[in-house]
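A look at the structure
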Amino acid sequence: MGMGADAPHESTTLMPAWQSPPPTPPAIPDTAVMGGPTQPILRATPGGGAQAELTIESGPDAGHTYRASESALRMGRSPDNDLILRDPATSGHHARVERRGEQFWIVDLGSTNGTLVNGDPIQEKELKHDDRITIGQNAVHFALLGS
């Protein structure tokens, strides 16, 4: 009978020993730190979202292609534009293509001769794949990439 009494006594002695590994909660912050580097990668994926290409098909600057992605693409005659058009009918700061979510919009910046999308004068308009933009004497083709 002495053995039977010893066995339950040993198991109760082992129980507190098994409850002592609360180094598990400190391991949770380590996991959060480990998970940290994956978050910038996830943020970079939406940043690589919609992209568009502007190809100047005819006019003084024909043959040039420009890529629009995260930042706005400013177009005009001034040298501080992203897309510089050497055309006297184009204003210094003529128009801007900007990304809003997954869509691209063109905004006329108060140009003298206006901005046309598919032949219609616009102040601001969402661009669709295959739209034709007219800025001064330049005919620009708008294409969404990867859609």
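Residues numbered from 1 in each chain as written. Predicted model: local features only at pLDDT ≥ 70, side-chain atom pairs only at ≥ 80, totals over all residues. Heavy atoms only, no water.

**Concerning the pairing of strand β1 (residues 51–58)**
The test is simple: If DSSP finds at least two bridges between two strands, the strands pair. Here a strand is any run of E in DSSP of at least two residues, a helix any run of H or I of at least four, and the numbering for each starts at the N terminus.
Bridge count for β1 against strand β11 (residues 138–145) is seven bridges, and the pairing is antiparallel. Bridging from a neighbouring strand, glutamine 51 pairs with leucine 145 of β11. Two strands pair when backbone bridges link them, and β1 and strand β2 (residues 65–68) are joined in this way by four bridges, in the antiparallel orientation. The partner of alanine 52 across the bridge, within β2, is alanine 68. Counted along the chain from β1 to the antiparallel partner β2, the turn is six residues long, and its residue glycine 59 has a positive phi close to 115°.

**Some points on the side chain of aspartate 131**
Going by this rule: Only protein chains enter the accessibility calculation, which uses a 1.4 Å probe; a residue whose area is less than 20% of its type maximum is buried, one above 50% is exposed, and one in between is partly exposed. Neither His nor the chain ends contribute to the count of charged residues, in which Lys and Arg are positive and Asp and Glu negative. Between Lys or Arg on one side and Asp or Glu on the other, a salt bridge is scored when a side-chain nitrogen of the former is within 4 Å of a carboxyl oxygen of the latter. Any pair of residues with heavy atoms lying within 4.5 Å of one another is described as a contacting pair.
Locating aspartate 131 in the fold gives a position in the loop between β9 (124–127) and β10 (132–135). Buried charge aspartate 131 goes without a salt bridge, the closest partner of opposite sign being lysine 125 at 5.7 Å. Each residue touching aspartate 131, except ones within four places of it in the same chain, is listed here: Val117, Asn118, Glu126, Val140, His141 and Phe142.

**Brief notes about the confidence of the model for the chain**
Applicable threshold: Predictor confidence is given residue by residue as pLDDT, running from a minimum of 0 to a maximum of 100.
On average, residues of the chain score 78 in pLDDT, and 67% of them are at 70 or above. Ranking the elements of the chain by mean pLDDT puts helix α3 (residues 38–47) last with 38 and strand β7 (residues 115–117) first with 98. Below pLDDT 50 for its whole length, residues 24–47 participates in four contacts with residues either more than four positions away or in separate chains.

**Focus on the sheet that holds strand β5 (residues 95–100)**
Strand order in the open sheet made by the five strands is β4-β3-β5-β6-β9, with mixed pairing throughout. Edge positions in the sheet fall to β4 (83–84) and β9, since each of these pairs with one other strand and no more. In the sheet, strand β3 (residues 73–76) pairs with β5 via three bridges, with the strands oriented antiparallel. From the neighbouring strand, leucine 73 faces β5, where its bridge partner is valine 97.

**With respect to the environment of arginine 99**
Inclusion rule: As used in this structure description, the phrase polar contact means that two N or O atoms lie within 3.5 Å; if the pair is within protein, one of them must be able to donate a hydrogen and the other to accept it, and residues adjacent in sequence are counted only when both atoms belong to side chains.
Assignment of secondary structure puts arginine 99 in strand β5. Judged by its relative accessible area of 17%, arginine 99 is buried. The spatial distance from the C-alpha of arginine 99 to the C-alpha of leucine 127 is 9.9 Å, given a sequence separation of 28 residues. From its side chain, arginine 99 meets the backbone oxygen of glycine 101 in a polar contact 2.9 Å long.

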